[in-house]
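Given next are the chains, with one letter for each unit.
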Amino acid sequence: MTYSLSGTMLLGTTAVSGTEASFKAINPATNASLEPAYATASKAQVEQACALAHAAFPIYRETGLEQRAAFLEACAEEIEAIGDALIERAMQETGLPRARLEGERGRTTGQLRLFAEVVREGSWLEARIDPARPERKPLPRSDLRQRHIGLGPVVVFGASNFPLAFSVAGGDTASALAAGCPVVVKAHNAHPGTSEYVGQALQRAVKRSGLPEGVFSLVFGAGNVAGTALVADPRIKAVGFTGSRGGGTALIQVAAARREPIPVYAEMSAINPVYLLPSALEARGAELGKAFVASLTMGAGQFCTNPGLVVAIEGPGLEAFEAAAVEAISQSEPGVMLTPGIAKAYQQGVEAQAAQAQVLGRGKSSSEPNRCQAGLFSVTAQTFLADEALQGEIFGSASTLVRCRDEAELLALTAALEGQLTATLHLDSEDKPLAARLLPELELKAGRILVNGWPTGVEVCHAMVHGGPYPATSDSRTTSVGTLAIRRFLRPVCYQDLPADLLPQAIADNNPLAIWRRIDGQLGKV
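Residues numbered from 1 in each chain as written. Predicted model: local features only at pLDDT ≥ 70, side-chain atom pairs only at ≥ 80, totals over all residues. Heavy atoms only, no water.

Looking at an unreviewed UniProt entry, the protein chain carries the name 2,5-dioxovalerate dehydrogenase, with the source organism given as Frateuria aurantia. The Sequence similarities (unreviewed entry) field of the UniProt record for the protein chain holds the comment "Belongs to the aldehyde dehydrogenase family." (UniProt positions renumbered as here; feature names shortened; annotations may be inferred.)

S.K.: Got a minute to help me understand the sheet that holds strand β13 (residues 309–313) in this structure?
M.R.: Two pairing modes exist for strands in a sheet, parallel and antiparallel, and in both the strands are linked by backbone hydrogen bonds. Spatial ordering of the open sheet is given by β15-β17-β18-β13-β12-β19-β20, a layout of seven strands whose pairing is mixed. Lying at the two open borders of the sheet, with one neighbouring strand each, are β15 (358–362) and β20 (446–451). Adjacent strand axes in the sheet meet at a mean angle of 20°, parallel and antiparallel pairs treated alike. As judged from the five bridges shared by strand β19 (residues 420–426) and β20, these two strands associate in the parallel manner. Bridge pairing in β20 places Leu425 opposite Val451. Sitting on the sheet, helix α11 (residues 340–356) touches β15, β17 (375–380) and β18 (398–404), and the angle it makes with β17 is about 35°. Contacts from helix α14 (residues 432–445) reach β12 (273–276), β19 and β20, with the element oriented near 150° to β20. (Pairing = 2+ DSSP bridges. Helix = DSSP H or I, 4+ residues; strand = E, 2+ residues; numbered from the N terminus. Axes fitted to C-alpha atoms, helices over the stretch in contact; angles between N-to-C directions. Contact = heavy atoms within 4.5 Å.)

S.K.: Whenever I open this one, helix α13 (residues 407–416) confuses me. Can you help?
M.R.: The periodicity of an α-helix, 3.6 residues per turn, causes residues three or four positions apart to be oriented the same way. Residues of α13 that are buried: Glu409, Leu410, Leu413 and Thr414. The buried residues of α13 all sit within an arc of 140° when viewed along its axis, so they share a single face. Next to the buried residues of α13 lie β12, β13, α12 (381–386), β18 and α14. For α13, the N-terminal capping position is held by Asp406, with its side-chain oxygen 3.3 Å away from the main-chain nitrogen of Ala408. (Buried < 20%, exposed > 50% of the residue type's maximum accessible area, 1.4 Å probe, protein only. Arc of directions from axis to C-beta. Polar contact = N/O pair within 3.5 Å; in protein donor to acceptor, adjacent residues only side chain to side chain.)

S.K.: Would you take a moment to explain helix α9 (residues 278–297) for this structure?
M.R.: Compared with the 28 Å implied by 1.5 Å per residue over 20 residues, the 25 Å span of α9 between its first and last C-alpha is markedly short. Considered for burial, the residues of α9 that qualify are Ser279, Ala280, Leu281, Arg284, Gly285, Leu288, Gly289, Phe292, Val293, Ser295 and Leu296. Buried-residue contacts for α9 involve β12, β13, α10 (316–330), β17, β18 and β19. Positive backbone phi, at 60°, marks Gly299, one or two positions downstream of α9. (Expected span 1.5 Å × (residues − 1).)

S.K.: What is the right way to read empty space enclosed by the protein from this model?
M.R.: In this approach a probe as big as a water molecule rolls over the atoms, and the regions it shows empty are the leftover space. This structure, assessed with the given rule, holds two cavities of 30 Å³ or more. As a volume, the largest cavity reaches approximately 130 Å³. Lining the largest cavity are 17 residues; nearest its centre among them are Ile271, Gly308, Glu393, Ile394 and Ala398. In terms of residue count, β18 provides more of the lining of the largest cavity than any other element does, three residues in total. Taken as a whole, the second largest cavity holds about 90 Å³ of empty space. (1 Å grid on protein atoms, 1.4 Å probe; cavity = no way out; pocket = protein on both sides within 12 Å on 5 of 7 lines; lining within 4 Å. Points joined across faces, edges and corners; volume = space filled by probe spheres on them.)

S.K.: Looking at this model, I keep getting lost on the layout of surface pockets. Mind explaining?
M.R.: Looking at the largest pocket, its volume works out to about 1100 Å³. Lining the largest pocket are 41 residues, and of these Ser160, His188, Phe241, Gly243 and Ser244 sit closest to its centre. Of all the secondary-structure elements, those providing two or more residues to the lining of the largest pocket are α7 (225–232), β10 (238–242), α8 (245–257) and α11. Ranked by residues supplied to the lining of the largest pocket, first place goes to α11 with six residues. Tallied by class, the residues present in the lining of the largest pocket amount to 18 nonpolar, 19 polar and four charged. Shared between two domains, the lining of the largest pocket takes at least three residues from each, and those domains are domain 1 (9–99 + 151–268 + 478–488) and domain 2 (273–451). (Nonpolar A, V, L, I, M, F, W, Y, C, P; charged D, E, K, R; others polar. Domains from an automatic or database assignment.)

S.K.: Got a minute to help me understand the sheet that holds strand β6 (residues 144–150) in this structure?
M.R.: Across the sheet, five strands lie side by side as β21-β6-β5-β22-β23; this open sheet has mixed pairing. Strands with a single pairing partner mark the edges of an open sheet, and in this sheet they are β21 (490–496) and β23 (522–524). The sheet shows a mean angle of 25° between the axes of neighbouring strands, taken without regard to direction. Examined bridge by bridge, strand β5 (residues 128–130) and β6 share three bridges and lie antiparallel to one another. Across the sheet, residue Arg128 finds its bridge partner in β6, namely Gln146.

S.K.: Explanation requested: the environment of Leu385 in the structure shown.
M.R.: Counting through the fold element by element, Leu385 comes out in helix α12. Owing to a relative accessible area of 39%, Leu385 belongs among the partly exposed residues under this scheme. Residues Leu385 and Arg487 lie 102 residues apart in sequence; the distance between their C-alpha atoms is 36 Å.

S.K.: Looking at this structure, I do not really get the pairing of strand β11 (residues 264–267). What am I missing?
M.R.: Note on strand geometry: in a regular strand, side chains alternate between the two faces of the sheet. What you see with β11 is no split at all: Val264 and Ala266 on one side and Tyr265 and Glu267 on the other are buried throughout. When β10 meets β11, the two strands line up parallel, connected through four bridges. When the bridges of β11 are listed, Phe241 appears paired with Ala266. Considered for its hand, the β-α-β crossover made up of β10, α8 and β11 is right-handed. (Right-handed = clockwise from strand over helix to strand, strands pointing away.)

Encoded structure:
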């Protein structure tokens, strides 16, 4: 199949032009607009997408494990079949380099295939069987069996900073489809062409797999109208969102105000503190300074795990770190930011930070549009603790160094932090006692704790947690990356004394799916 852009939404198997205001993507490197124009969805078209998903759910949620896994693999194959046209369009719409986008495409297809493996393996069903015990005294026990089922149709909001891996066929979509939930994607308006290409790939995979058309739809929307309508629609049962704190909080409020409130799994805001412990800082302060700036400026700092806060105790090692970091940041090139809006917000953020903190260093500037001039700032721990605004995320290559007088001040600062996606410790053997004191507090603050590394870069695997307490995410019990993400879109159902011929396969006698099950508390394949 030849993939081409037509400026249309995808409602099930049909390409449909929106009937509301239209827009065009902008190449952030040049501010030039890109063809074609995309008209946005009307309320009726949003309702149609939700209705199709609702109609597909009873069939899709009971697809066999092999059919569903093969469908996820077909999604990956169809994305790859788009070829270089997908990468070239994504480069135009985001300003991101080819290598980054090719890697992101690999991550996107890789996580679809990983979830296919998860579906086939079947432990996500968490099948449990407690057989009847009619002879039990003083009361007999009924036959009790449990499995997990999909929640229902899910709305996924595409992210601005990952046009592939957190967008139309990204982690939220992959995990929802793996759970048996149809998905309606609201594409991000910064990369509509990229979204249409990937949407066409998923649409084709649905057809290839013989699934109901409502398993996947793609809509475009201007402002908050379409997004609010999607979350408010009574047929939608969960939401996946990656974006700003303001946007995520607004969706949470819409979901909570429904007649039937639904979960919103929103990844929002984090500054991802990096702790430079004294012995490590003394041993390799300059080396850490250079490595820190490399992480900070990667991708113009447009990562949710960007190291936006550095915490250290004053001393010679910190001076070496600071000198090396300032030198490195002064040589950093101004990267293209994803959208004019993001570039404007970044500039406003660094200006506000400069008014409250000491400016240690800035990167190279540029007269070209939407460039990110990196910034490094410094405050004392007392100043940081006294001004909550200093904890705000600046989305881009900006970070603040907080200078602590002693361990007590460092621990007090940690206790005052908001929820984070990550917390990083740079330590040597002599730092382990202090690290041991920090860890219990960091466990309450972050979803992932790193040692002697940098938070940018999130592995897609079974053990990964990409989440954290508010405002990092709206639900700290979940992750948006890794195979555990499937749990967001599942719920348990218990079956009591059902006749054998009515039991779902996951909890039927003789284990027809050959999956791991817990029977009378014992885990096995029986």
